[in-house]
Amino acid sequence: MSGKSALNKAVFLPNDERMLAAVQVKRRTKKKIPFLATGGQGDYTTFICLSVTNKKPAQVFLTKVKQFEGSSSFVRRTQWTISQLRQVNGIDPMRDCAEFDLIFENGSDQWIAGSAGEKCMFVQILHHTCQRFIPERKPDFINCHSKLVGGTSILHEAADSVTSAVQKASQALNERGERLGRVEEKTSDMKNSAQHFADTAHKLAMKHKC
């Protein structure tokens, strides 16, 4: 089982939620947290997770989850409703980068994702979810590459790529069929010519025999 599958099973399924996306992060600027605040458990890995409830009307949450070193269990820390999200800052709209900020009505966090790809996928799913579940006062997505907040998603691009490949394969088959058709036509013409030649030769042979 992958880490994110284990995360979904341990944290969200028991609460009748399903995880839509998760990104492993670390802070760009470390906060001074008292030793007792972390329970003295040492290093940990942080995930920012996007989830939705199974019950209708659906509620969407952003949740900070930690996994302490040496432990297979996850600890749910802070949780926000998606309506509390005010802004998502992608930091640099001109290139893929791992940094992003989440600004809520009562605070903000500055993060670095495990990779630019993870950050891009998370931000894109978050944007799509906001468009779907927040009827008004949607959060602002600033300094984000157009591919993350535009009409074409990564999934759509993948689907388009598959469609394009199928179309190219179909075109190749059609062209091959046309070539085979031309070969069959030439073969038929050659067969007719051969038959005509054989008939003519037979007639000449019969004529000379007489």
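Details of the structure are given in the entry above.
Fair warning: this is a prediction, and the values are worked out from it, not measured in the lab.

A.B. asks: Pulling in residues and values, what's your account of unusual backbone geometry?
C.D. replies: Cis geometry is adopted by the peptide bond preceding proline 57, which originates at lysine 56 and carries an omega value of -5°. Although it is not a glycine, aspartate 16 sits at a positive phi angle of roughly 60°. Here aspartate 16 is to be found in the loop between helix H1 (3-12) and strand E1 (17-27). Despite not being glycine, isoleucine 91 shows a phi value in the positive range, around 75°. Residue position: isoleucine 91 is located in the loop between strand E5 (85-89) and strand E6 (99-104).

A.B. asks: Can you tell me about the pattern of salt bridges, naming the residues and giving the values?
C.D. replies: Evaluated as defined, the whole model comprises eight salt bridges. Between arginine 95 and aspartate 92 there is a salt bridge; the shortest N-O distance is 3.0 Å. Note on arginine 95: relative accessible area 48%, which makes it partly exposed. The class for aspartate 92 is partly exposed, based on a relative accessible area of 21%.

Scoring rules and cut-offs
- Residues numbered from 1 in each chain as written.
- Predicted model: local features only at pLDDT ≥ 70, side-chain atom pairs only at ≥ 80, totals over all residues.
- Heavy atoms only, no water.
- Helix = DSSP H or I, 4+ residues; strand = E, 2+ residues; numbered from the N terminus.
- Salt bridge = Lys/Arg side-chain N within 4 Å of Asp/Glu carboxyl O.
- Buried < 20%, exposed > 50% of the residue type's maximum accessible area, 1.4 Å probe, protein only.

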